[in-house]
Amino acid sequence: MSGAAAVAADGRLATYDFGPDRPFQAGRLDAGLSLLRAAKVLDDDDLLAFAPAADADLELIHDRDYLEALARFSAPGPAPADPAEATRFGLVGDNRPFPGMDEAARLVAGATMAAVDAVAAGDLAHVFAPVAGLHHAQRRRAVGFCLVNDIAVAIARCTRAWPLRVLYVDLDAHHGDGVQAAFYDDPRVCTVSLHETGRYLFPGSGEVHELGRPPGRGRSVNVPLEPSTGDDGFLAAFDAVVEPLAAAFRPDLLVTQNGCDGHATDPLSDLTLSLRGFRELARRLHRLAHRHCQGRWVATGGGGYDLDQVVPRAWALLWSELSGRRLPARVPSAWLAARPARKRAEWSGWLEPRRRRGSGGPGVRSLGERNQRTVRAARRLALPPSVRVVYPLARRAGGAGRLPGWEPRAGEHHAPGGPLVLRDRCPASLLRRLEVDPGIHAFVRDPGQEREVLSRIAEEPTGEVVVAHTPEGVVVGYVAVLDPEPGTRFGSLPGLLEVGAIEVASGWRRGGVASALLRFAVEPDPFEDLILIASGLAWHWDLEQSGLSAVAYRRVLGRVFGAAGFEPLRTDEPEIAYDPANLFVARVGSRVPPVRRAAFTSRLVRGHHAVP
Amino acid sequence: MTGGPVTVSPRATVAAAMSAMRRGRFRHLPVVAGAELVGVVSERDLETWPGAGVEVAESLADRPVAEVMTSQPVTVWPDEPVEVAARLLVDNAIGCLPVVAEEGLVGILTVSDLFSVLLQLLGGGEPSSRITLVLPDVPGALGRAMTVVGELGVNLLTVVTEPGPEPGTRGVVLRAGTINAAPVVAALVAAGFPATGPGRPEPDER
């Protein structure tokens, strides 16, 4: 083994084979690995050794009676007599038993375990496990070609051995339901799945509101996308959700499921992605691993059923990204010659996706109306407001000038940590000269980016940023006031703005900085003509670092807002009503006309639902 | 239904009933005197009582539940078919049905319970692919379509039919227990049954 990257696969994995009449068949392994060898980007030294998973490993995720059934149905010879038992464990149809399937499934799990262990231990930076990523398998049921949940087993084993936070990113066309279910209440494993909507497609789950169960609420993230989303739409959704989620969650290890069944020619989905999209996604994941996880990245192959055109090339692109080895531009002719004759003509001959002419980069505009709505909802639920502000979806248009101008002000606050300068209406040029305290965690772990981010907020046309900084010019807290998001309940009310984010660096908390900032922020006279709202979703709060319970955190937040004239209000707005610890507050300016006040109040409670 | 539901006595105060509902996060309470069901009180009753807003008016809070409850509510037997219970709820425009057996109140069935049943009937809780069909409303059409699916060895989790979009048609919703549903859709289309599902999505609505 050499270098910082390896492949966890060998010929034994070809035994994971549901037969030539099933989309998941042995030919996948050989077609993929032989192309890597022919392209001279893989040799035997790159292979990571692995052993079949033991009972003790599989039982971290699966029930013993299911594993026993798997072994029983795996024996060669006539099928066991009880068809109802096979159906109960899902061992029919897609997952029709084949001789040796128990050992084959244990090998897949063993490969993923070895990959995750090697990366978690620091022996390798990146590992690619191509025949792995069986994300549908449930505790006691085989689902969608997935007999054991290798990803869940490997993550469960690794998080038991090391205190790591794991970000799992699932890019398969199908919802990563099995992995999500395995960690649904686990706050240290954050799962995010981008997939084709379950309106028609298997498995039917993966709605935006599948959020996780306490204490893991907010750590299951789902972005169901429309058929025909295409590369640009898929990449825009990825950028809008996954990158900021990593910044918010602060993972130590990245595990991905890089299913390529979203490709336009794949028989199992209708997302219409292309190899260019897969390469861009691999680049983004690589960057994310280095930015947030010290490089620790395990990629699994997942689904992908266009075995001739797509799977080998998608694997080659992914491995090229992990290993840093350049692919030849054209498919090696010797490899092509070894393909069955009827397949050869289908190959365009290009290994690297060709550059598309005249294509702009992806942006939110490439998301259709439905996808935009989905992405906005996923962001509101998954990302704390401070992170949403740092990673804006798009320039907010139309609201410019709603906040009347006033002269920039400066104030002061004496915190236990030292004197602080409070400033509003900060010009971008000033912000570029300030530094940002590392205890403000909404900012990415990327030195040099922080000032850029702050000035970008200040340049938002309707935004207002108020900062607290030390006399030496280090920002230790900020408040951002913005238009509420379009499409939300209070979004269309005139004269209403939202306190989009308030954050104080971890070393400066409990010093009254947040209260001082907020009081200072709402002092200017124009706020008397406005309604300001703010909401807090309990699962966004930094309970781990603050050491507070959700209820205690809510009380602290309520006091901070109360000191600036905000009042807590009852509302049945569904995102607030989701959890009794959530908080909704508003400050109605003294000159707000009664009509506007009434319009706002009438939106607080809409239905006859029980209001917590 | 929910067995052994929380109940109140007719002499309990409205405030006590309201706080029991808030605590349990439900909206209906059977009112029971001894073993006998004497009424139902709902959050809606309290909110729409003259003079009460969303917040229960002060004057109402100390009144006994007996004054605001619905007396002699519609009830069902425990073995009543679910469609009968659903029709009682719809026809009477009510949100719950106390379930009463010979020995007295045994449970409460609410609209939420019926949604759980609907979810099971439509197979929405299990990993599956969704396929919709429009069939002529004639004997044998459904059977012929299902034969096409059965011959592919695909397990159907649920089959639901409903009145179709045109007179003389039936809409059918299938939940197929396979990740590989495109061949099922293709086989149905090839056999002359217009089907929508994976591999043949609806026209792009974006």
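Note that the structure is predicted; figures quoted are calculated from it, not measured.

Quick notes on the rules
Residues numbered from 1 in each chain as written. Chains lettered and ligands numbered in written order. Predicted model: local features only at pLDDT ≥ 70, side-chain atom pairs only at ≥ 80, totals over all residues. Pairing = 2+ DSSP bridges. Helix = DSSP H or I, 4+ residues; strand = E, 2+ residues; numbered from the N terminus. Expected span 1.5 Å × (residues − 1). Buried ≥ 20, exposed ≤ 12 C-beta atoms within 10 Å, placed from the backbone. Contact = placed C-beta atoms within 7 Å. Domains from an automatic or database assignment. Bend = angle between axes of the 7 residues up to and from the residue. Nonpolar A, V, L, I, M, F, W, Y, C, P; charged D, E, K, R; others polar.

1. A word on the sheet that holds strand 4 (residues 70-71) of chain B
Residue and element names in this part refer to chain B.
Next up, step 1: The sheet built from three strands is open, its strands ordered 2-3-4 with antiparallel pairing. Looking at which strands have only one partner, the edges of the open sheet turn out to be strand 2 (28-33) and strand 4.
Next up, step 2: Pairing of strand 2 with strand 3 (residues 36-42) involves six bridges; the strand directions are antiparallel. Across the sheet, the residue bridging to A33 is E36, located in strand 3.

2. Comments concerning helix 13 (residues 369-382) of chain A
Residue and element names in this part refer to chain A.
Next up, step 1: With 14 residues, helix 13 extends 20 Å between its outermost C-alpha atoms, agreeing within 8% with the 20 Å of an ideal straight helix rising 1.5 Å per residue.
Next up, step 2: Here helix 13 has its buried residues at N371, Q372, T374, V375, R376, A378, R379, L381 and A382.
Next up, step 3: Those residues of helix 13 hidden inside the fold are in contact with strand 5 (220-225), helix 8 (230-249), helix 14 (385-390) and helix 20 (574-577).

3. Overview of the domain arrangement of chain B
Next up, step 1: Taken domain by domain, chain B consists of domain 1 (2-118) and domain 2 (122-196).
Next up, step 2: A C-alpha centroid distance of 40 Å is found between domain 1 of chain B and domain 2 of chain B.

4. Brief notes about the domain arrangement of chain A
Next up, step 1: Considered domain by domain, chain A is made up of domain 1 (5-327) and domain 2 (384-394 + 407-604).
Next up, step 2: Put simply, the middle of domain 1 of chain A and the middle of domain 2 of chain A, counted by C-alpha atoms, are 39 Å apart.

5. Some points on helix 8 of chain A
For an α-helix, the turn length of 3.6 residues means that residues three or four places apart are oriented alike.
Next up, step 1: The terminal C-alpha atoms of helix 8 of chain A lie 28 Å apart, and with 20 residues this matches the ideal 28 Å at 1.5 Å per residue to within 8%.
Next up, step 2: The largest bend in helix 8 of chain A comes to about 30 degrees, at A:D239.

6. Some words on the pairing of strand 9 (residues 418-423) of chain A
When a strand is regular, its side chains alternate between the sheet's two faces.
Residues and elements named next belong to chain A.
Next up, step 1: The sheet contact formed by strand 8 (residues 410-415) and strand 9 spans six bridges and is antiparallel. Within the sheet, the bridge partner assigned to G411 lies in strand 9 and is L422.
Next up, step 2: Hairpin connection between strand 8 and strand 9: a loop of two residues separates the two successive antiparallel strands.
Next up, step 3: Here three bridges tie strand 9 to strand 11 (residues 464-469), and the two strands are oriented antiparallel to one another. Its bridge partner lying in strand 11, L422 is registered against A468.

7. Comments concerning unusual backbone geometry
Next up, step 1: In this structure, the amide linkage connecting A:F202 to the following residue, A:P203, adopts the cis form with an omega of -5 degrees.
Next up, step 2: Residues A:P214 and A:P215 are joined by a peptide bond in cis, for which omega reads 5 degrees.
Next up, step 3: Relative to the assigned elements, A:P215 resides in the loop between strand 4 (189-196) and strand 5.
Next up, step 4: In this structure, A:R510 is a non-glycine residue whose phi angle is positive, near 65 degrees.
Next up, step 5: Here A:R510 lies in the loop between strand 13 (496-504) and helix 17 (513-521).
Next up, step 6: Of note in this structure, B:Q72 is not a glycine but carries a positive phi near 45 degrees.
Next up, step 7: Inspection of the secondary structure assignment puts B:Q72 in the loop between strand 4 and helix 4 (82-92).

8. Describing the interface of chain B and chain A
How big an interface is tends to be reported as the loss of accessible area on association of its parts.
Next up, step 1: Contact with chain B, which involves 28 residues of that partner, is made by 29 residues of chain A.
Next up, step 2: Elements with a minimum of two residues in the side of chain B that touches chain A: helix 1 (14-24), helix 2 (43-48) and strand 7 (129-136) of chain B.
Next up, step 3: Of the residues that constitute the side of chain B that touches chain A, the class distribution is nine nonpolar, 10 polar and nine charged.

9. Observations concerning the environment of A:E321
Residues and elements named next belong to chain A.
Next up, step 1: Mapped onto the elements, E321 comes out in helix 10 (residues 311-323).
Next up, step 2: When the 25 C-beta atoms within 10 Å are taken as the criterion, E321 is described as buried.
Next up, step 3: The sequence separation of E321 and G495 amounts to 174 residues, and the corresponding C-alpha distance is 49 Å.
Next up, step 4: Excluding its chain neighbours within four sequence positions, the residues that come into contact with E321 are A282, R283 and H286.

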